[in-house]
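# Topology and contacts: notes
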Amino acid sequence: TIPGLLTDIASLLKKQVFLFLACLLCTFFSLEAQKLSLGTFKPLALEKKVQIELDYTESTIDNCLYDDFVALEKNWDNGFTEICQKFVKEANKELLGQLVLSLSAESDYKLVLKVQKVLYNGRTFATLSLYNKSGEVIGFANKIIGRGGTFGSKINLMGDASEKMGESVGKFLKKQLK
């Protein structure tokens, strides 16, 4: 009957709306998780230049342990330098001179981007920690993600992701400096 059919359609629509809202809510919370920050990055507001270190040593790269990847990748030393330079260039572009990140600067604080995983397309997952002179972590940001590229060598794809992470970290730090 038509009234029974309408009741079934209404019930189905209610379920779909409920599922849509549940998905929307989950998406909202997952986006918020990417902004997770513990401690503080505020001391950087008093600094002009701070050292940044990119650490891949405990990561997996395309399902290989770091040491295995480095043994297979003949151009790692040059590639790693290029990856670091791309990261710093993009981060500093976002910071607009409020703070300058440097691979070699001596400062009271040190930022460490610890890479956890690199996927086949270069997509990279990392965390960011701020250390004081005593070596204590005083700030921590989780889920720093760099989207990889589509063409090129593994190092090229990792470089693409490094640029995206640099941009993301620059924006994050800029907000923290306010």
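Our subject in this report is the structure included herewith. Numbers given for residues are sequential positions, taken from 1 along each chain in its written order. Selection of residues for local features in this predicted model requires a pLDDT of at least 70, selection of side-chain atom pairs for listing and counting requires 80 or more, and totals for whole chains, interfaces and linings are taken over all residues. Derived side-chain values reflect all non-hydrogen atoms in the structure, with water molecules and hydrogen atoms excluded from consideration.

Only Phe, Tyr and Trp rings take part, Trp by its six-membered ring, and two of them pair if their centres are within 6.5 Å. Stacked means planes under 30 degrees apart, edge-to-face means over 60, and tilted covers everything else. As enumerated under the stated definition, the model contains six aromatic pairs in all. Relative to Trp76, the ring of Tyr56 has its centre 5.8 Å away and its plane inclined at 80°; by these criteria the two rings are edge-to-face. In this pair, Tyr56 is assigned in the loop between β2 (49–55) and β3 (60–61) and Trp76 in helix α3 (residues 76–95), connecting sequence segments 20 residues apart. Residue Trp76 is classed as buried on the basis of its relative accessible area of 3%. Judged by centre distance (5.8 Å) and plane angle (85°), the rings of Tyr56 and Phe80 are edge-to-face. Segments assigned H or I by DSSP are reported as helices when at least four residues long, segments assigned E as strands when at least two residues long, and all are numbered from the N terminus. Type-normalised accessible area, obtained with a 1.4 Å probe on protein chains alone, sets the label of each residue: buried when under 20%, exposed when over 50%, and partly exposed for intermediate values.

Secondary-structure assignment places Thr127 in strand β7 (residues 124–131). Note on Thr127: relative accessible area 7%, which makes it buried. Setting aside its immediate chain neighbours within four residues, Thr127 contacts Val112, Leu113, Lys114, Gln116, Phe140, Ala141, Asn142 and Ile144. Note on contacts: a residue pair qualifies if any of its non-hydrogen atoms lie within 4.5 Å across the two residues.

Turning to its location among the elements, Ser59 is positioned in the loop between β2 and β3. By relative accessible area, Ser59 is classed as buried at 2%. Contacts of Ser59, omitting those with residues within four sequence positions, involve Cys64, Leu65, Tyr66, Val115, Gln116 and Lys117.

For the purposes of this section, nonpolar cores are sets of buried Ala, Val, Leu, Ile, Met, Phe, Trp, Tyr and Cys residues that join through side-chain atoms within 4.5 Å. In terms of nonpolar packing, the biggest core is built from 35 residues, with Leu44, Tyr56, Phe87, Leu101, Leu111, Leu128 and Leu173 touching the most fellow members. Looking at this core, the elements with two or more residues in it are β2, α2 (66–72), α3, β6 (110–118), β7, β8 (137–146) and α4 (154–176). In this structure Leu128 touches Phe41, Ile52, Leu111, Val112, Leu113, Gly139, Phe140, Ala141, Ile144, Val169, Phe172 and Leu173, once residues within four positions along its chain are discounted.

Time to look at a nonpolar patch on the surface. Put simply, a patch holds well-exposed residues, over 30% relative accessible area, that have no salt bridge, with like charges counted together within 9 Å and Val, Leu, Ile, Met, Phe, Trp or Tyr side chains within 5 Å. In short, Shrake-Rupley with a 1.4 Å probe defines the accessible areas, and a residue's cover is counted only from the protein chains shown. Any carboxyl oxygen of Asp or Glu within 4 Å of a side-chain nitrogen of Lys or Arg constitutes a salt bridge here. Taken together, Ile2, Leu5, Leu6, Ile9 and Leu13 make up a surface patch of nonpolar side chains, about 510 Å² in accessible area. Here Leu5 is to be found in helix α1 (residues 2–33).

By definition, two strands form a pair when at least two bridges between them are found by DSSP. As defined by bridge partners, β2 adjoins strand β5 (residues 100–102) across three bridges and the pair is classed as parallel. Following the sheet pairing, Lys49 is matched in β5 by Val100. Where β2 and β6 come together, five bridges link them in parallel fashion. By the bridge assignment, Leu54 is partnered in β6 with Leu113.

Right, let's talk about unusual backbone geometry for a bit. Backbone geometry at Asp62 places phi at a positive 50°, although glycine is not the residue there. Residue placement: Asp62 occurs in the loop between β3 and β4 (64–65). Located in the positive-phi region is Asn63, a residue other than glycine, with phi close to 65°. Along the chain, the position of Asn63 falls in the loop between β3 and β4. Overall, the relative accessible area of 70% leaves Asn63 in the exposed class.

A few words now on the packing of α3 against α4. Two quantities define a packed helix pair, namely the angle between the axes and the distance from one axis to the other. Packing of α3 against α4 brings their axes to within 7 Å, and their N-to-C directions diverge by 30°. By the angle between their axes, α3 is roughly parallel relative to α4. For the crossing formed where α3 meets α4, the hand is right-handed. Three categories are distinguished: nonpolar for Ala, Val, Leu, Ile, Met, Phe, Trp, Tyr, Cys and Pro, charged for Asp, Glu, Lys and Arg, and polar for the others, with Gly belonging to the last. Tallied by class, the residues present in the contact of α3 with α4 amount to 10 nonpolar, six polar and seven charged. What counts as an axis is a line fitted to C-alpha atoms, over the stretch in contact for a helix, and the angles between N-to-C directions run from 0 to 180 degrees. Working rule for angles: under 35 degrees goes down as roughly parallel, over 145 as roughly antiparallel, 65 to 115 as roughly perpendicular, anything else as oblique. Here a crossing is taken to be left-handed if its near helix is turned anticlockwise relative to the far helix by less than a right angle, and right-handed if that turn runs clockwise.

Let's shift gears to the pattern of salt bridges. Close approach of charged atoms allows side chains with opposite charge to pair. For the structure on display, the rule yields eight salt bridges. As a salt-bridge pair, Glu58 and Lys114 come within 3.8 Å of each other at their nearest N and O atoms. Note that Glu58 is positioned in the loop between β2 and β3 and Lys114 in strand β6, a separation of 56 residues in sequence. The salt bridge partner of Lys154 is Asp62, with a shortest N-O separation of 3.5 Å. Note that Lys154 is positioned in helix α4 and Asp62 in the loop between β3 and β4, a separation of 92 residues in sequence. Residue class for Lys154 comes out buried when judged on its relative accessible area of 15%. The partly exposed category is assigned to Asp62, whose relative accessible area is 34%. In the salt-bridge network here, residues are joined through shared partners; they are Asp55, Glu58 and Lys114.

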